[in-house]
Each structure stands twice: as structure tokens, then as C-alpha cells.
Amino acid sequence: MTAWPADAADRGESFRQLAMRSLFDRLEALCEGSVAVDREARVTWINAKYARRFGLEAEAAVGMDIEALIPHSRLREVVDSGRPIVLDIMDMGSGHCVVTRMPLCDEGGEVIGAIGFVLYDRVEGLKPVVDKVAQLQRRLTAAERELSENRRAKYSLASFIGVSPACTEIKRRARRAAQLDSTVLLAGETGTGKELLAHAIHNVSPRADKPFIGINAAAIPESLLEAELFGAAPGAYTGAERRGREGKFKLADGGTLFLDEVGDMPLSLQAKLLRVLQEREIEPLGANRIVPVDVRVIAATSVDLAGAVAQGRFRADLYYRLAVLQLAVPPLRERLPDLPLLAERLLDDIGSRIGQPLELADDALAVLARHAWPGNVRELRNVLERAVLMFETPRLAAAHLLKLLPAAADAGPAPVAAAGGVGRLAEATAQAERQAIVSALASTGGNKLAAARLLGISRAALYQKLSVLGIGAPAAGAG
Ligand SMILES: Nc1ncnc2c1ncn2[C@@H]1O[C@H](COP(=O)(O)OP(=O)(O)OP(=O)(O)O)[C@@H](O)[C@H]1O
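Residues numbered from 1 in each chain as written. Predicted model: local features only at pLDDT ≥ 70, side-chain atom pairs only at ≥ 80, totals over all residues. Heavy atoms only, no water.

An unreviewed UniProt entry lists the chain under the name Sigma 54-interacting transcriptional regulator, from Aquincola agrisoli.

Right, here's the structure in full:
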């Protein structure tokens, strides 16, 4: 019989102590296992039943790090946060079980450890919930894998097709640049493969298994570019951006940041970029704190950056910093020997996507060789793609290509009669657009913002047209 103290308060306290002990005993008996850890998450006590599950006597488990005994345990998290995890499903390797975890505190309220109970080790009754958790877990893993694949560089140096001396030289220089960790500037007309080379350099560099992140300074409105690059602290923006965002520099940490059309960066951001390159640290918008980053920058430009410096549109100090290692990517017309191989590979690629083998007649190659290719390899791909779709033939001949590249006829044999039927108006419109854009780019020395203004369209619209029509800046003297 328990002798209760006479004083009501003492009686209450004794009752509480007794209740606690009996509750604990009951709970322990009911549970499939229980384990307690200290402040360092080392096992201080485990019941015999639970220890046997891990093939140990209880005494042998005492002193072990909890994760060494139970890999998926979250007792360390409870100790660190001081917060319970009331119901959780834990992976035990051979199956799942339902667990609850509580912090243990001393009289002063200081966390001194934690205790975990396995409530059921047979979760059949909870099968729908467990299945759902497993399904969500699988989806999360797949999404994480996809995200990390997207952040990997897609192309290797072998994807940069060409065997001409100009091409072999640029690949040799790219391979060397990959071994150094300095900033690289890829200069060349649009569509020459600068982005492809940037992926390739990253892929053969020691940073290959780290992220490759790309950003096009010309395609993002000036007001958003800073946050895109350097990130923003929570509250730096209102609305959707309230929670803050990670900048591209942070996402690329450990890896490579590809900064396309660096010549289109506003002057104010050029100063910030220079700071990052020098100090290797960023200051997210509105954060008031400096974050160190380890990022290799590969910048690209299709405008003449030295000319932009002379005109005061680009900071000289940034230019010299970026151009530590400058690679001039040759335009297609300077590596015409690569045309047959490039055309063949591009047609293979298009053919595999539409499920039909494609080829080029010999006379077709002669037409391709006569064209000036202001949009370089991108334009070549687009011309081939358009010809395949328009003429629905597996074998492209000169007559087909001449309809898409009428200027190539001027330098060669008599033009073939214009195509009959419905495609003609669209083609004529595209041709007129192409000419207007090429001349606008020519008169602005390849500056896309200025060309867009001249044409009376937005910079984004110009980018879209450049990509659809497969054209780009004329020789900008970049490099
Ligand atoms: N040497 C090459 N071998 C194979 N494909 C190439 C080559 N050069 C370019 N391409 C292809 O041409 C297209 C344009 O290339 P990319 O985007 O790398 O050019 P860019 O110089 O970065 O253009 P921009 O300055 O307009 O951004 C892509 O589809 C790319 O795969």
C-alpha cells in the first residue's frame, strides 16, 4: 500500500511521480522497442527487446552513436531542436515502423537527451499511409535526380562537331582551359556553339560532377537580373518573391556559371560581377550579409566587348578580368570543311527525332557551301529542319535548299522555280523578317538591344525571332 503524504501539494507530486513511472512502464511494455540517448545522441539505455532487433545485448549498444545503431533515427534532431516528433514512420531496412520521439529535460528545462518509442513494427494497418509516404518519397527522389541532371552540363567536347583546323584548334584550347580554373571568355557570333563549348569545358574540368548553371544576361529584364544572379533575402521583394530566392551563383556553388551575352549586362551589375570575381563572395539583394561562393565563370559574348569598352558600354576592368582566357569561336563560314560532317550529324539528329533516316544529295552540299551562314550552326540546323518538314522528303536536294536559301543561288546555278502551294506567303514573310533582322544587327554591330529598338520590337521578341529563324549577329569582331 502506498503511504500518501498528509499535505495536499506533496500528495499531488507523489501521485505525479508514480503516474509517470507506471506510464513509462506501461508504454515500454506496450511498445515494440524503446531507446534513450544523451545530449550527444549516444545511446544511454535501450530495452532488451529492441536491442535484440539489432542483434545486440542492451549493454553492448550503450555508448553507440544512435545512427550507428539505427541509421534512420531522428533522435539527434530531437536533442538538437528540443522539439518532439510525435508520430513518424521510420525505415528500418527490413520494413517500416511507427515511432514517437520526445526530448528529455532536467529540472531547469535544459534538454539532456531524448527518448524514442517504436509504437508498432507491423504497419499493415497503416498500409495506405505507408504506401503514400513511399510513393511521395519515390517522386521526391525522381524530382531531385531530374533537377540535378538538369544542372549537369549536357555536352562533351565530342559533341562539338568538326575536324577543320579552326575547329581542332578551338577544341584543343577548350581542353586546356578546362584544366585551369580561371574565368573564360568565349567570343564569337551567335550560333557558333559558345554554349555548347561552355558545357564541354565544364564537363572535362575538375568541376564536372558539380552543377553547371546557365543564365542569359540579355534575356532577363534588368530589374530582375540582380536577384537572378546574386539571390534575394526574404522580404527583399513583395508578393511571390516574398520568401527570397537563391541566385544562380549560389546554385552553381562548387561548379560553373555560364554567363551568356555578358555584354548586355547593365553597368551597375557589371561592378557587382567584378566584385564577385575578385572577392569570391556575393551579397544577396536586401540581405546585408556576404556569402562566400566557389564558382568558375565562363562568360560568352556575341558583341565586340573591346569595342563596347571603347564606347563606355562595358567596364574595362571587368573586360580584362573576364578575358584572362579568351577563346574566339570561329564562324561557320571560316570552317566550311566542317559543313558535310555537321550537316550529316544534324540530319541524323533531326531524323532520329522524327523517326526517319535522312540524307543530303551531293548537289545540296554545294548550295550549303555557298550560303554566308550569319546564324552559323544554329541557322544550319534550322534550315535543315525546315527543309525536312516543308518538303517531306528523306533526301534533301539542291532544289529544296535553294527555296530556303535563295541568296545562295546568286553565286551559283540558275535558281529553281519557286515552290507552288500554300507555304509561299509564310516563307516570304520569314525571308523579309530575316533580312530586316540581319541588317539591324549589322548596323548595330551585333548589339541585340539596339537592334531590337531599331526594329521596334522588344529584346525578348528579337531573341525569339533569332531562334525561330535561325539567324544571328553578323561578324562582330568579337574575339
Ligand atoms: N560545332 C558544333 N557541333 C554541333 N552542334 C553545334 C556546333 N556548334 C553549334 N552547334 C549547335 O548549334 C546550336 C547553337 O549553338 P549554341 O547555342 O552553343 O551557340 P551560341 O554561340 O551559344 O549562340 P548564342 O550566342 O546565340 O547564344 C545548338 O543547337 C548547338 O548544339
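Next comes the rest of the account.
Trainee: Help me understand the sheet that holds strand E12 (residues 325-328) in this model?
Mentor: Reading across from one edge, E7-E8-E11-E6-E12 is the order of the five strands in this open sheet, with parallel pairing throughout. Two strands lie at the open edges of the sheet, namely strand E7 (212-216) and E12, each paired on one side alone. Mean inter-strand twist for the sheet, computed between neighbouring axes without regard to direction, equals 20°. Two strands pair when backbone bridges link them, and E7 and strand E8 (residues 256-260) are joined in this way by five bridges, in the parallel orientation. Within the sheet, the bridge partner assigned to asparagine 216 lies in E8 and is aspartate 260. (Pairing = 2+ DSSP bridges. Helix = DSSP H or I, 4+ residues; strand = E, 2+ residues; numbered from the N terminus. Axes fitted to C-alpha atoms, helices over the stretch in contact; angles between N-to-C directions.)

Trainee: Explanation requested: the packing of helix H16 (residues 376-391) against helix H21 (residues 459-469) in the structure shown.
Mentor: Two numbers describe a pair of packed helices, the interaxial angle and the distance between the axes. Put simply, H16 and H21 touch, their axes get as near as 8 Å, and they point 60° apart. Taken together, the axes of H16 and H21 are oblique relative to one another. Every residue of H21 that contacts H16 at Arg378, Asn382 and Arg386 is listed here: Ser467, Val468 and Leu469. Class assignment for the residues of the contact of H16 with H21 results in two nonpolar, two polar and two charged. (Parallel < 35°, antiparallel > 145°, perpendicular 65-115°, else oblique. Contact = heavy atoms within 4.5 Å. Nonpolar A, V, L, I, M, F, W, Y, C, P; charged D, E, K, R; others polar.)

Trainee: Can you help me understand the pattern of salt bridges in this one?
Mentor: Pairing between side chains of opposite charge can happen when their charged atoms approach one another. Under the definition given, this model contains 23 salt bridges. Where lysine 248 meets glutamate 228, a salt bridge forms, and the shortest distance between an N and an O atom there is 4.0 Å. On the criterion of sequence distance, the pair formed by lysine 248 in helix H10 (residues 248-251) and glutamate 228 in helix H9 (residues 222-230) is long-range, its members being 20 residues apart. Residue lysine 248 is classed as partly exposed on the basis of its relative accessible area, which comes to 21%. Residues aspartate 317 and arginine 315 are paired through a salt bridge, measuring 2.8 Å at the closest nitrogen-oxygen approach. Overall, the relative accessible area of 35% leaves aspartate 317 in the partly exposed class. Overall, arginine 315 belongs to the partly exposed group, its relative accessible area being 29%. The network of salt bridges with shared partners includes Arg74, Glu77, Asp88 and Arg101. (Salt bridge = Lys/Arg side-chain N within 4 Å of Asp/Glu carboxyl O. Buried < 20%, exposed > 50% of the residue type's maximum accessible area, 1.4 Å probe, protein only.)

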